[in-house]
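Below, each chain spelled out in residue letters.
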Amino acid sequence: MGGGRSETSALTGTGGGRGTATIQNSQRSNACCFCWCCCCSSNEDDLSFSFLFLSTKPSLEEIRQWSQSFDKLMRNPAGRNVFREFLRTEYSEENMLFWLACEDLKQEINKSAIEEKARSIYEDYISILSPREVSLDARVREVINRKMQEPTPHTFEDAQLQIYTLMHRDSYPRFLSSNIYKSLIHSGSRTPSES
Ligand SMILES: *[C@@H]1O[C@H](CO)[C@@H](O)[C@H](O)[C@H]1NC(C)=O
């Protein structure tokens, strides 16, 4: 079961704050990709750039821990951010976006906001009409379709777990051997005076 999706979904993905990064990359002569993190991952500047969106740069210790378990990676905001950049290179960023949207929904207590968020998650990631549809089995789909009649913060829990498992099994091993992760370890192991 591949996590990959159409190119369109990755390129039109919800950049939210990423606009600048994309524009800067498109000005480069490097036409190999739209995603500044993948083709330029050996470049130290671009890696630091990736952390402009975070309040603190992760320590080498943190970065190393991401390889110990998928849970450790996903519990760390910087880890999720880097993994998401990696998923973008594999055209399966929607898996992470869906997972994050579900986390957000689980925090919601306002009933009408729950309904609104659930509908928008459904439209964006469950509907077969969506370019960002995530890969779910028929049983889980059926449960969601039933629960959507009266959405709760837990409507997508089975689906969220299924996508978590998919990312863990499918993308996580590739992430650990990717240039993105390797250069992080590499740049993190230098002393600041060297950079
Ligand atoms: C609940 O959410 C709705 C829709 O998002 C909003 O209009 C309303 O003000 C919210 N109510 C409360 C009590 O926060």
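Keep in mind it's a predicted model, so treat the numbers as computed, not measured.

Peer 1: I'm lost on the overall build of the protein in this one. Help?
Peer 2: Along its length, the protein carries twelve helices and zero strands. For the protein, buried positions account for 45% of its 195 residues. Of the contacts formed within the protein by residues at least 6 apart in sequence, a portion of 63% connects residues at least 24 apart. Accessible surface, the protein: about 10500 Å² in total, of which carbon and sulfur atoms supply 51%.

Peer 1: Hey, could you run me through unusual backbone geometry in this one?
Peer 2: Apart from glycine, the bulk of residues carry a negative phi angle, and the bulk of peptide bonds sit in the trans form. Unlike most non-glycine residues, Y91 shows phi in positive territory, near 55 degrees. Its relative accessible area of 31% is what places Y91 among the partly exposed residues.

Peer 1: For this particular structure, what's the right way to read helix α9 (residues 111-126)?
Peer 2: Side chains three or four residues apart in an α-helix point the same way, a direct result of the helix having 3.6 residues per turn. Compared with the 22 Å implied by 1.5 Å per residue over 16 residues, the 21 Å span of α9 between its first and last C-alpha is a close match. Here α9 has its buried residues at A113, I114, A118, I121, Y125 and I126. The buried residues of α9 all sit within an arc of 135 degrees when viewed along its axis, so they share a single face. Facing away from the buried side of α9 by more than 90 degrees, the exposed set consists of E116 and E123.

Peer 1: Honestly, the site of the ligand in this entry has me stumped. Any pointers?
Peer 2: In the neighbourhood of the ligand, the contacting residues comprise N110, S112, A113 and E116. Note that an oxygen atom of the ligand is positioned 2.4 Å from one of the side-chain N or O atoms of N110. At a separation of 3.3 Å, an oxygen atom of the ligand approaches a polar side-chain atom of S112. In isolation the ligand offers 360 Å² of accessible surface; the protein chains occlude 30% of this area. Residues of the shell around the ligand, tallied by class, amount to one nonpolar, two polar and one charged.

Peer 1: I would appreciate a short explanation of the packing of aromatic side chains in the present structure.
Peer 2: Working definition: an aromatic ring pair is given by the centre-to-centre distance plus the angle between the planes. Under the criterion given, the structure shown has ten aromatic pairs. Where F83 meets F86, the ring centres are 6.3 Å apart and the plane angle is 20 degrees; that geometry is what we call stacked. Placement of both F83 and F86 in helix α7 (residues 77-89) is noted, with a separation of three residues, approximately one turn of the helix. F83 sits in the buried class, given a relative accessible area of 0%.

Peer 1: Teacher, can you tell me more about the nonpolar core here?
Peer 2: Nonpolar side chains in soluble globular proteins tend to end up buried together. The biggest cluster of nonpolar side chains holds 38 residues, and the ones touching the most others in it are F83, F98, F156, M167 and F175. Elements supplying a minimum of two residues to this core: α6 (70-75), α7, α8 (93-107), α9, α10 (138-147), α11 (157-176) and α12 (179-188). Apart from residues no more than four positions distant in its own chain, F83 is found in contact with F70, L73, M74, M96, M167, S171, Y172 and F175.

Peer 1: What should I look at first to understand the environment of L87 in this one?
Peer 2: With respect to the element layout, L87 can be found in helix α7. Taking the C-alpha atoms as reference points, L87 and F175, separated by 88 residues in sequence, lie 8.2 Å from one another.

About the cut-offs
Residues numbered from 1 in each chain as written. Predicted model: local features only at pLDDT ≥ 70, side-chain atom pairs only at ≥ 80, totals over all residues. Heavy atoms only, no water. Helix = DSSP H or I, 4+ residues; strand = E, 2+ residues; numbered from the N terminus. Buried < 20%, exposed > 50% of the residue type's maximum accessible area, 1.4 Å probe, protein only. Contact = heavy atoms within 4.5 Å. Areas by Shrake-Rupley, 256 points an atom, 1.4 Å probe, with all protein chains shown as cover. Expected span 1.5 Å × (residues − 1). Arc of directions from axis to C-beta. Near = heavy atom within 4 Å. Polar contact = N/O pair within 3.5 Å; in protein donor to acceptor, adjacent residues only side chain to side chain. Nonpolar A, V, L, I, M, F, W, Y, C, P; charged D, E, K, R; others polar. Phe/Tyr/Trp six-rings, centres within 6.5 Å; stacked < 30°, edge-to-face > 60°. Core = buried A, V, L, I, M, F, W, Y, C linked by side-chain atoms within 4.5 Å.

Taken by themselves, the reported measurements are silent on function.
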